[in-house]
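Okay, here's what each chain looks like letter by letter:
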Amino acid sequence: MTAPEPLVDRVRRRLVQEGWAATPVSVTDALRAEGLVLPESSIVEVVRALRTELAGLGALESLVAADGVTDVLVNGPFEVWVDAGDGLTRTDVRFPDEAAVRRLAQRLAGSVGRRLDDSVPYVDARLPNGIRLHAVLPPISGQGTCLSLRVPRRRVFTLADLVEVGMVPREGVAILSQLVSRRSAFLVSGGTGSGKTTLLNSLLSVVDPAERLVVVEDSAELQPAHPHVVRLEARPPNTEGSGAVTVRDLVRQALRMRPDRLVVGEVRGAEVVDLLSALNTGHEGGCGTVHANSAADVPARLESLAMPAGLTRAGLHAQVAAGLAAVVHLVRDPRRRVAGIAVLVAGDDGLVSSVPAVVFRDDRTVRGPGASRLL
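What comes next concerns the included structure. Predicted model, so just to flag it, every value in this text is computed and none were measured.

1. A word on the overall build of the chain
Then, number 1: Looking only at helices and strands, the chain has 13 helices and 15 strands in total.
Then, number 2: Per-residue burial for the chain yields a buried fraction of 47% across its 375 residues.
Then, number 3: Split by element, the accessible area of the chain, about 17800 Å² in all, is 52% carbon and sulfur.

In structure tokens, the structure reads:
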């Protein structure tokens, strides 16, 4: 027997008004107050539905729990999409109305102490279960409340696993493994959802167990299978606008924590200056991810991040040439895969460019002009 939606709504409102938890006893009392007496099996179902709505992800619970799902996207009450690795697919999940989506978004934000209302109409936070939450309320979002949930991987894939799913070419495993074992500094580049974190997790998992990894992230996503990992996570400002701890703050702290490897989960701001400085002052083997459309775009991307932080163009390129060895680039077409590896080489003018070393194309490995430098 399926619990009727109007009944669940009525019981929910009463529980909220009375400040009760959704326990069998409180639900039974609420049903009696509504003038209803249901069999025990129906009460259990009402309790389950209420707990999902009041403490879980509501209608999105089953989507998040499905194997392979990395993203759940809600565009208003009647449009819910998922990505399970093969591109976005529209689901049959619907919300009763706009108020239900807004209520879910506000409850999720509130569960981590974040505010979401007309005065603060958007939020970016990590939920206790590791899911990355982003929400935007109307009228900022014209079609209704929008939710974006990034679901963390339930397990860390090995390089062999990534070969099996076609993300890493078989010929690339040895090169990537040596990039790590030789303690070369590198960046993993690619667009949103291209698998940068997944690949970096796998690469960090093959680091020598005797080494200490200090991982700095804006929102914790990296979970390498390694015995010695210290994780630092940035903190946004509170509702009064104070108390923020930035990624740059944490990179500076990480350098005082005796890291064998300094890892910045996503380089997207002034922290690039401190990361490059570290890579040029004895902190070998550092790595991170960066958003870029191609490996060739990485130097320009680093310029756009470092120059507003006070580093000159010439200074940036000098630091990159001396401190960074390679860029591992991923694409999504639509399958996530490693497209190739480039080396960073300074020209006669002192400016660094990404020179293709290995390109993976149609199950073939093509050596580029930077191959000898890489290998």
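There is more to say, and it comes next.
2. Section: unusual backbone geometry
Then, number 1: Cis rather than trans, the peptide bond between Pro 138 and Pro 139 has omega equal to 0 degrees.
Then, number 2: Tracing the backbone shows Pro 139 in the loop between strand 5 (132–136) and strand 6 (146–150).
Then, number 3: The phi dihedral of Arg 183 is positive, around 60 degrees, even though this residue is not glycine.
Then, number 4: Here Arg 183 shows up in the loop between helix 7 (170–181) and strand 7 (186–190).
Then, number 5: Phi at Arg 258 is positive, roughly 55 degrees, even though this residue is not glycine.
Then, number 6: Looking at the element boundaries, Arg 258 is found in the loop between helix 9 (247–254) and strand 10 (261–264).

3. Here's the deal with the sheet that holds strand 2 (residues 80–83)
Then, number 1: In spatial order, the strands read 3-2-1-6-5-4; together these 6 strands make up an open sheet with antiparallel pairing. Two strands lie at the open edges of the sheet, namely strand 3 (88–90) and strand 4 (122–126), each paired on one side alone. Neighbouring strand axes in the sheet, compared pairwise and without regard to direction, differ in orientation by 15 degrees on average.
Then, number 2: Sheet topology places strand 4 next to strand 5; 5 bridges connect them, and they run antiparallel. The partner of Ala 125 across the bridge, within strand 5, is Leu 133.

4. What about helix 11 (residues 298–306)?
Then, number 1: Three or more residues of helix 11 are buried, namely Val 298, Pro 299, Leu 302, Glu 303, Leu 305 and Ala 306. End-on, the buried residues of helix 11 take up no more than an arc of 165 degrees, which puts them together on one face.

5. As for the sheet that holds strand 8 (residues 213–217)
In any sheet, the strands associate via hydrogen bonds between backbone groups, in a parallel or an antiparallel arrangement.
Then, number 1: Strand order in the open sheet formed by 9 strands is 9-8-10-11-7-12-13-14-15, and the pairing between neighbours is mixed. One side of each edge strand has no neighbouring strand; the edge strands of this open sheet are strand 9 (229–233) and strand 15 (364–367). With strand direction ignored, the average angle separating the axes of adjacent strands in the sheet is 25 degrees.
Then, number 2: Strands strand 7, strand 10, strand 12 (326–332), strand 13 (336–346), strand 14 (352–361) and strand 15 of the sheet are contacted by helix 7, whose axis makes an angle of about 140 degrees with strand 12.

6. What about the side chain of Ser 141?
Then, number 1: If you trace the backbone, Ser 141 turns up in the loop between strand 5 and strand 6.
Then, number 2: Residue class for Ser 141 comes out buried when judged on its relative accessible area of 6%.
Then, number 3: For Ser 141, the contacting residues outside a window of four places in its chain are Val 136 and Cys 146.

7. Quick notes on the pairing of strand 4
Then, number 1: Residue alternation in strand 4 divides its side chains into a buried set, Val 123 and Ala 125, and an unburied set, Tyr 122, Asp 124 and Arg 126.
Then, number 2: If you look at the hairpin formed by strand 4 and strand 5, you'll find 5 residues sitting between the two strands, and Gly 130 has a positive phi there, around 95 degrees.

Parameters at a glance
Residues numbered from 1 in each chain as written. Predicted model: local features only at pLDDT ≥ 70, side-chain atom pairs only at ≥ 80, totals over all residues. Heavy atoms only, no water. Helix = DSSP H or I, 4+ residues; strand = E, 2+ residues; numbered from the N terminus. Buried < 20%, exposed > 50% of the residue type's maximum accessible area, 1.4 Å probe, protein only. Areas by Shrake-Rupley, 256 points an atom, 1.4 Å probe, with all protein chains shown as cover. Pairing = 2+ DSSP bridges. Axes fitted to C-alpha atoms, helices over the stretch in contact; angles between N-to-C directions. Arc of directions from axis to C-beta. Contact = heavy atoms within 4.5 Å.

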